[in-house]
Amino acid sequence: MSLLTPEVMSWVGRSIEFWSDPISATEVRRFVSASGDDNPRYALLETPEGSEATPVPPMLYYAVTRPLVPASELANDGTVQEHRPMIGTGQTMGGSVEVEWLRPLALNDRLRGMRTLASLNEKRGRRRDFVVAEWITEYWDREGALVVRERYEQILF
Amino acid sequence: MSGNATNRYYSDKPLSLDGVRVGTRLPTLTKCPSQVEVVLFCAAIRNFHRLHYDQAFTEEQGFDSVIVPGFLMGNWCLEAATRAFGPDAEVCRLKFKNTAIAPVDVAYTIEGSVISAGKQDDGRSLVTCDFTVTGPSAEVVTLGTVDIRLA
């Protein structure tokens, strides 16, 4: 039986809007220490007023836009039961990711995201059948300028 | 920040547009993530998938060890590129795909090479590099591509 029921397929094309937390010095320090990528470019966290914006690790776009929810609201696999179709066991894994930064992220950036489910495709795996969900997300800054584009393939099974 | 700190991070001789051609190899980066490091990284990016910290759950899913998150391996590719091209390098695109399960507590080698290099319309240079993240059994666990813009 196909995992792609009519109800599941009705999700294709749906979008959700969300806001990030502002990118703080704490978020930067946490990411730098955890990633082991101690690029000195991201150690300069004191920006004199009026100077060029302080750059932050590019991958922080992801951290600051992830929702923080109580453990009781996590799915069995630990993922956030956010806006997504429930397929099979409801579990997910990451697939491929493509991110384009139109400008460097900076301290105090706050991003508005729009995430759209572009497609769902069923695949036959060695261990089990699964579905590849293709998500397209765009992120704008406070001034409405597009900052980041992301294409993410999520595996649902 | 001292100049020495900068020099310890970047290559002794950062690559530039003039200094690379298709096939130029970047300095190799090695990583050996422990479970603690993986937990710290997952907390930093708000990824609470149990595959990254819950051994019993991971075994139920058919894997031997908790798994290194894909975003950390993607960041390794990005790090290898920025170390190689120096402080003026600006990452403008990253693509990565996990091709095999990556367990914790083993060594990974991040190897990259230039696949294209040239000037953009705005006069800045754009260099694209492909990366492989390889585990100890020579299995490639992640494929990555990074675009670097140079002043």
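Everything below is about the structure printed above this text.
Remember, it's a predicted structure, so these values are computed and weren't measured experimentally.

Help me out: how do you make sense of the overall build of chain B in this one?
Of regular secondary structure, chain B possesses four helices and five strands. Listing the helices and strands of chain B from first to last along the sequence gives α-β-α-α-α-β-β-β-β. Structurally, chain B occupies a C-alpha span of about 55 × 35 × 25 Å along its principal axes. By residue count, 40% of the 151 residues in chain B fall in the buried class. Within chain B, contacts between residues separated by at least 24 positions form 69% of all contacts whose residues are at least 6 apart in sequence.

What exactly am I supposed to notice about the nonpolar core here?
Residues L60 and Y61 of chain A together with C77, A80, A81, V146 and I148 of chain B are the most contacted members of the largest nonpolar core, which totals 63 residues. The element that contributes the greatest number of residues to this core is helix α4 (residues 70-85) of chain B, accounting for ten residues. Ignoring anything within four residues of it in the chain, the contact list for I148 of chain B reads A81, F85, A89, E90, V91, V127 and C129 of chain B. In this structure, I87, V131, A133 and L156 of chain A belong to the second largest nonpolar core, which totals five residues.

In this structure, what is going on with the interface of chain B and chain A? I would like to understand it.
When the parts come together, some accessible area is lost, and that loss is often what is quoted as the size of the interface. At the junction of the two partners, chain B supplies 33 residues and chain A supplies 32 residues. Residue assignment for the side of chain B that touches chain A shows that the elements contributing at least two residues are α1 (3-9), α2 (35-45), α4 and β2 (90-98) of chain B. For the side of chain B that touches chain A, the element with the most residues is β2 of chain B, which contributes nine residues. Here the residues of the side of chain B that touches chain A sort into 17 nonpolar, eight polar and eight charged. Here strand β2 (residues 92-101) of chain A runs beside β2 of chain B; their pairing, made up of five bridges, is antiparallel. The residue of β2 of chain B that forms the bridge with V99 of chain A is L94 of chain B.

How should the packing of helix α2 (residues 25-35) of chain A against α2 of chain B be read in this particular structure?
Where α2 of chain A meets α2 of chain B, the closest approach of the two axes is 8 Å, and the angle between their N-to-C directions is 155°. On the basis of the axis angle, α2 of chain A is roughly antiparallel to α2 of chain B. Crossing of α2 of chain A against α2 of chain B: the hand is left-handed. Contact residues: α2 of chain A offers R30, F31, A34 and S35 of chain A, while α2 of chain B offers L40, F41, A43 and A44 of chain B. Of the residues assigned to the contact of α2 of chain A with α2 of chain B, the class counts are six nonpolar, one polar and one charged.

Calculation criteria
Residues numbered from 1 in each chain as written. Chains lettered and ligands numbered in written order. Predicted model: local features only at pLDDT ≥ 70, side-chain atom pairs only at ≥ 80, totals over all residues. Helix = DSSP H or I, 4+ residues; strand = E, 2+ residues; numbered from the N terminus. Buried ≥ 20, exposed ≤ 12 C-beta atoms within 10 Å, placed from the backbone. Contact = placed C-beta atoms within 7 Å. Core = buried A, V, L, I, M, F, W, Y, C linked by C-beta atoms within 7 Å. Nonpolar A, V, L, I, M, F, W, Y, C, P; charged D, E, K, R; others polar. Pairing = 2+ DSSP bridges. Axes fitted to C-alpha atoms, helices over the stretch in contact; angles between N-to-C directions. Parallel < 35°, antiparallel > 145°, perpendicular 65-115°, else oblique. Left-handed = near helix turned anticlockwise from the far one by under 90°.

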